[in-house]
Amino acid sequence: MSPLDIVRIPVLHDNYVWLVHDSDSKATMVVDPAVAEPVLEAAAARGWTITDIWNTHWHPDHTGGNAAIKEATGCTITGPAAEYERIPTLDVRVTGGDRVRLGAHVAEVWDVPAHTAGHIAYHFAADDAIFVGDTIFAMGCGRLFEGTAEQMFANMRRFDALGDATRVYCAHEYTLSNARFAVTVDPGNAALTERLAAVEAARAAGEPTVPTSIGAERATNPFLRAATAAELGRIRTLKDAA
Ligand SMILES: [Zn+2]
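Residues numbered from 1 in each chain as written. Predicted model: local features only at pLDDT ≥ 70, side-chain atom pairs only at ≥ 80, totals over all residues. Heavy atoms only, no water.

A. View of the overall build of the protein chain. Tallying secondary structure elements over the protein chain gives 9 helices and 14 strands in all. On C-alpha atoms alone, the protein chain measures out to a radius of gyration of 17 Å, which is about the 18 Å that the 2.2 N^0.38 rule sets for 242 residues. Projected onto its principal axes, the C-alpha coordinates of the protein chain cover approximately 50 × 40 × 35 Å. Across the 242 residues of the protein chain, 52% fall into the buried class. A sequence separation of at least 24 residues applies to 60% of the contacts in the protein chain between residues at least 6 apart. With the model as given, the accessible surface of the protein chain reaches about 10,000 Å², and the carbon-plus-sulfur share is 52%. Computing the positive centroid from 20 side-chain charges and the negative centroid from 31, the protein chain places the two 3 Å apart. (Helix = DSSP H or I, 4+ residues; strand = E, 2+ residues; numbered from the N terminus. Rg over C-alpha atoms; globule rule 2.2 N^0.38 Å. Buried < 20%, exposed > 50% of the residue type's maximum accessible area, 1.4 Å probe, protein only. Contact = heavy atoms within 4.5 Å. Areas by Shrake-Rupley, 256 points an atom, 1.4 Å probe, with all protein chains shown as cover. Lys, Arg positive; Asp, Glu negative; His and termini not counted. Charge placed at Lys NZ, Arg CZ, Asp CG, Glu CD.)

Quick look at the structure:
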């Protein structure tokens, strides 16, 4: 089995759409297309035809390109069963424990509610990759729009059980703002201070900072490192006000 080709497509102000290609089967999947045109262009430039869209949650900056990509390619759209009424283009409804496939590559669906009530993630265990939408970011986590700190804390425990090498594909370039906030709540963390400096240099050079990894987040992410749901909630409240 060939490794997945994973392409980052920056769109809108700070969104990342992930284009994922399996060279064995020629299947090509898009995670959370905020818009259609740049995604169709990125696929065409590589000679790939989009066969699938996988959505993590209903927010328009994750689903806005669904209809036009489906219109152009006839692809199948998979997404959270709990949010099907808010994603009218959905073909296949999935929920935690379901398995979805891109060629021979298998992803397990995780229920990770909190940012939205039905938010899901897609974990390719054999590929050491997880597509997390707006659940965990580099040194950050998603806002708790439709859920609780207890739910996000439970999500973090699941991420914390993954191996260091697992690549984390989040949907936004929020890293610099997250890092600057994180050092204020964890000022004694040398790994975090170092990472802030590296991120400042990368962003100054116009370079992306994701995907991240579980190992990097375990060392520096205050939401993953929070010892209790109450602590996570307190940090989230501070970040919302920052
Ligand atoms: Zn969102």
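Right, picking up where we left off after that structure.
B. Seen up close, the sheet that holds strand β3 (residues 28-31). Pairing in this open sheet of 6 strands is mixed, and the strands run β1-β2-β3-β4-β5-β6 from one edge to the other. Each of the sheet's edge strands pairs with one partner strand only, and the pair in question is β1 (5-11) and β6 (92-94). Each adjacent strand pair in this sheet contributes to an overall mean axis angle of 20 degrees, direction not counted. As judged from the 4 bridges shared by strand β2 (residues 15-21) and β3, these two strands associate in the antiparallel manner. By the bridge assignment for β3, Val-20 is matched with Met-29. (Pairing = 2+ DSSP bridges. Axes fitted to C-alpha atoms, helices over the stretch in contact; angles between N-to-C directions.)

C. Structural context of the coordination of the zinc ion. Each protein donor to the zinc ion is listed here as His-57 (NE2), His-59 (ND1), His-115 (NE2) and Asp-134 (OD); together their distances run 2.2 to 2.3 Å. Metal-centred angles of 91 to 171 degrees between the 4 donor atoms at the zinc ion mark the site as irregular. Coordination of the zinc ion draws on donor residues from a single chain, spaced H-x1-H-x55-H-x18-D in sequence. Highlighted residues: His-57 in the loop between β4 (52-54) and α2 (60-63) and His-115 in the loop between β8 (105-111) and β9 (120-124), separated in sequence by 58 residues. Taken individually, His-57 and His-115 each receive the classification buried, so the pair is uniform in this respect. (Donors = N, O, S within 2.8 Å, 3.2 Å for Na, K, Ca; no water. Tetrahedral: all angles 85-135°; square planar, octahedral: opposite > 155°, others 65-115°.)

D. Layout of the environment of Gly-47. If you trace the backbone, Gly-47 turns up in the loop between α1 (37-45) and β4. Residue Gly-47 is classed as exposed on the basis of its relative accessible area, which comes to 65%. For Gly-47 and Thr-148, which are 101 residues apart along the polypeptide, the C-alpha to C-alpha distance reads 43 Å.

E. Quick peek at the environment of Gly-79. Relative to the assigned elements, Gly-79 resides in strand β5 (residues 76-80). Taking the relative accessible area as the measure of exposure, Gly-79 reaches 0% and is therefore buried. Along the chain, Gly-79 and Pro-211 lie 132 residues apart, while their C-alpha atoms are 21 Å from each other. Beyond its immediate stretch of four places on either side in the chain, Gly-79 contacts Asn-55, Leu-90, Val-92, Arg-93, Val-94, Ile-120 and Tyr-122.

F. How the structure looks around the pattern of salt bridges. Under the defined criterion, the tally for this structure stands at 11 salt bridges. Note that Arg-225 is salt-bridged to Asp-186, the shortest N-O span being 3.5 Å. Note that Arg-225 is positioned in helix α8 (residues 222-225) and Asp-186 in the loop between α5 (175-185) and α6 (190-204), a separation of 39 residues in sequence. Overlapping salt bridges, with partners in common, bring together Arg-157, Asp-160, Asp-164 and Arg-218 in one network. (Salt bridge = Lys/Arg side-chain N within 4 Å of Asp/Glu carboxyl O.)

G. Structural view of the pairing of β1. Pairing between β1 and β2: 7 bridges, direction antiparallel. Its bridge partner lying in β2, Asp-5 is registered against His-21.

H. The arrangement of unusual backbone geometry in detail. A cis amide bond links Val-210 to the next residue, Pro-211, at an omega of 10 degrees. Mapped onto the secondary structure, Pro-211 falls in the loop between α6 and β14 (212-213). Here the phi dihedral of Leu-12 falls at roughly 50 degrees; this positive angle occurs in a residue that is not glycine. Residue placement: Leu-12 occurs in the loop between β1 and β2. With a phi close to 55 degrees, Asp-128 is a non-glycine residue in the positive phi region. Within the element layout of this structure, Asp-128 appears in the loop between β9 and β10 (129-133). The class of Asp-128 is partly exposed, set by a relative accessible area of 37%.

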